[in-house]
Amino acid sequence: MPPKRASSRGAAKGKAKAKAMVGAAATEAALDPRAELEKEAEFIFESLQPENDLKGVLKLAQFAEVIRMMNRRKCTLWGDDPAVIIKREWTSIGGSTSREATLAQFKAWWPDFFEATNAEIAAKDAAGEAEAAEKAARFAGDGMWKVVLRDLKDAIMEARNKGKTPLIIDNTENHRAEAFFALSLDVHIIECKKMIMDTSKAKGATVEEVLEEERQRFIKAKCFKYGKTVLFRLANTACDLKGAFNSEVFPSLALFDAAEVARVSADASKVKDSPFYKMALDRDEVLDLEAYGIASEFNVVALTHFQEDEYEEYLQSAIPLHLFQPIFPLLE
């Protein structure tokens, strides 16, 4: 009796089952991150071989290109030249002893390297977030900000972002914060003590003459155009910048108003209706101010030597303290 032939229906069911098993295996492989990374490793290795030969080996030069590729992919995580990482990973894969790496070695190494790189990025991101949170807490509120000298630039920028003008209470030894500004090329210094001395009986200059001199220096330095930091160096004086040393041609009060500066800086067309327009007296000065307005980098800072517990008493009648963010630099 001839054997029974399997029905076409049964064969179809068997094929479907086999297909389902293959599909399940493929899905499982797809869900296995390490398997996917090993496939990627094989592709990378193959791409670096002449004629895509999987039986070849990687030499140091080829392996180094793999590290550089990862560095580019991760936005130069290890800087412009990842030489230290190349040396470290070449040792890790075994290349420092055999002077080459096989496909098996590369497939075993690549997933761990890939995951370690992502972990390094995650750690850096977390550290950055923690630093940002700490910074936000340090610069919160309107009270005195105490910052180490190396963070002074950050504090000045944060004060500006708040719409406040920085007031540096420099009680550091040898006035190190003041020296920081004095040595900067993009800082224009207004010597408040000199203004007081120049209007004394000994020198006999009028306030108007002193302010005109400061106006000319300011315009000549192109502080608005080039976005300079203007430092009012008060030193140990209570120079009257609210009253005597404030005028239409040199509007100290307006310069201390960070909100007004920001308003004009954001839109050059607004310079005409600002207190700064009258600082430009001749035609060339007017044209320059109208054309360039106030650069976004422009900033104003005041600096005093008065002690932390006395600066308000001495300066409350000299400068508009409500427009300022007091910052107390520390050496460490």
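Along each chain, the written sequence defines residue order, and numbers are assigned to residues from 1. With pLDDT at 70 or above as the cut-off, local features in this predicted model cover only qualifying residues; side-chain atom pairs require 80 or more to be listed or tallied, and sums for whole chains, interfaces and linings still use all residues. Hydrogen atoms and water are omitted, and side-chain values are computed over all heavy atoms in the structure.

Caption draft 1: Inspection of the overall build of the protein at higher detail. Along the backbone of the protein there are 15 helices and 6 strands. Burial here depends on accessible area, computed with a 1.4 Å probe over protein chains only, as a share of the maximum for the residue type. Under 20% is buried, over 50% is exposed, and the range in between is partly exposed. Counting the 332 residues in the protein, one finds 37% classified as buried. Sequence separation of 24 or more characterises 70% of the internal contacts of the protein that already satisfy a separation of 6 or more. On the protein, roughly 19000 Å² of surface is accessible, and the fraction owed to carbon and sulfur atoms is 55%. A run of H or I in DSSP counts as a helix once it spans at least four residues, and a run of E counts as a strand once it spans at least two, with each numbered from the N terminus. Contact criterion: two residues are considered in contact whenever any of their non-hydrogen atoms come within 4.5 Å of each other. Residue-level accessible areas treat just the shown protein chains as cover; the underlying method is Shrake-Rupley with a 1.4 Å probe.

Caption draft 2: Up close: the packing of aromatic side chains. Two aromatic rings from Phe, Tyr or Trp, using only the six-membered ring of Trp, form a pair when their centres are within 6.5 Å; if the ring planes differ by under 30 degrees the pair is stacked, by over 60 it is edge-to-face, and anything between is tilted. In the structure shown here, the tally under the stated rule is 21 aromatic pairs. When the centroid spacing of 4.9 Å and the interplanar angle of 55 degrees are considered together, the rings of F63 and W109 count as tilted. One end of the pair, F63, is in helix α3 (residues 60-73); the other, W109, is in helix α6 (residues 103-138), with 46 residues separating them in the sequence. An angle of 70 degrees between the planes, with centres 6.2 Å apart, marks the rings of F218 and F298 as edge-to-face. You can see F218 sitting in helix α10 (residues 207-220) and its partner F298 sitting in the loop between α14 (283-292) and β5 (299-304), a full 80 residues away along the chain. Residue class for F298 comes out buried when judged on its relative accessible area of 1%. Whether a charge lies above a ring is judged from NZ of Lys or CZ of Arg, which has to be within 6 Å of the ring centre and within 35 degrees of the ring normal. In this structure, K225 packs its charged tip against the face of Y292, placed 4.2 Å from the ring centre.

Caption draft 3: Local environment of the nonpolar core. Ranked by internal contacts, the top residues of the largest apolar core, which has 41 residues, are F232, L241 and F298. Here F232 is in contact with I190, C192, L241, F250, S252, L255, F256, V300, V301, A302 and L303, once residues within four sequence places are set aside. The term nonpolar core refers to a set of buried residues drawn from Ala, Val, Leu, Ile, Met, Phe, Trp, Tyr and Cys, joined through side-chain atoms within 4.5 Å. Grouped together as the second largest cluster of nonpolar side chains are 23 residues, F63, W109, W110 and F114 included.

Caption draft 4: Representation of the pattern of salt bridges. A pair is scored as a salt bridge if a Lys or Arg side-chain nitrogen falls within 4 Å of a carboxyl oxygen belonging to Asp or Glu. One pass over the structure, following the stated rule, counts 23 salt bridges. D198 serves as the salt-bridge partner of K203, at 3.6 Å between the closest nitrogen and oxygen. The exposure class assigned to K203 is exposed, which follows from its relative accessible area of 60%. Overall, the relative accessible area of 10% leaves D198 in the buried class. Taken together, the shared-partner salt bridges connect K194, D198, K203 and E213 into one network.

Caption draft 5: Up close: the confidence of the model for the protein. The predictor's confidence in any single residue is recorded as pLDDT, a number from 0 to 100. Residues with a pLDDT of 70 or more make up 90% of the protein, whose mean pLDDT is 89. The model gives residues 17-29 a pLDDT under 50, and that stretch makes 2 contacts with residues more than four places away or in other chains.

Caption draft 6: Representation of the pairing of strand β4 (residues 229-235) within the structure. Burial of β4 is extensive: 7 of the 7 residues sit out of reach of the surface. A two-sided burial pattern is seen for β4, the buried positions comprising T229, L231, R233 and A235 on one face and V230, F232 and L234 on the other. The pairing of strand β3 (residues 187-191) with β4 spans 5 bridges and is classified as parallel. Paired with I189 across the two strands is L231, which belongs to β4. Two strands form a pair only when DSSP identifies at least two bridges running between them. Across 6 bridges, the pairing between β4 and β5 is parallel. Along β5, the bridge assignment pairs R233 with L303.

Caption draft 7: View of helix α4 (residues 83-93). Along α4, the positions that sit buried rather than exposed are I85, I86, E89, W90 and I93. Projection of α4 onto a plane perpendicular to its axis shows the buried side chains occupying an angular sector of 130 degrees, all on one side. Turned more than 90 degrees from where α4 packs its buried face, V84 and K87 sit exposed. Elements that come into contact with the buried residues of α4 comprise α3, α5 (95-98) and α6. Think of the arc as the fan of directions from the helix axis to the C-beta atoms.

Caption draft 8: Just the side chain of T165, in detail. Mapped onto the elements of the fold, T165 is located in strand β2 (residues 165-169). On the accessibility criterion, T165 (2% relative accessible area) is buried. Non-local contacts of T165, meaning those with residues more than four positions away in its chain, are made with L255, F256, D257, A258, V300, V301, L323, F324 and Q325.

Caption draft 9: Representation of the layout of surface pockets in the model. A pocket, in this scheme, is an open set of points on a 1 Å grid over the protein atoms alone with protein on both sides within 12 Å along at least 5 of 7 lines, while a cavity is a set where a 1.4 Å probe fits but cannot get out; residues line either one if an atom lies within 4 Å of a point. Grid points are joined across faces, edges and corners, and a volume is the space filled by probe spheres set on the points. One number sums up the size of the largest pocket: a volume of about 290 Å³. Counting only elements with at least two residues in the lining of the largest pocket, the list comes to α7 (152-161), α8 (176-182) and β5. A per-element tally of the lining of the largest pocket places α7 first, with 4 residues. Quantified by volume, the second largest pocket comes out at close to 180 Å³. Residue lining of the second largest pocket: 13 residues in total, with I219, K222, E285, D288 and L289 positioned closest to the centre. Going through the elements one at a time, α10, α11 (223-226) and α14 are the ones with two or more residues in the lining of the second largest pocket. A per-element tally of the lining of the second largest pocket places α14 first, with 4 residues. For this classification, Asp, Glu, Lys and Arg are treated as charged, while Ala, Val, Leu, Ile, Met, Phe, Trp, Tyr, Cys and Pro are nonpolar and the rest, including Gly, are polar. Across the lining of the second largest pocket, the residue classes tally to 6 nonpolar, 1 polar and 6 charged.

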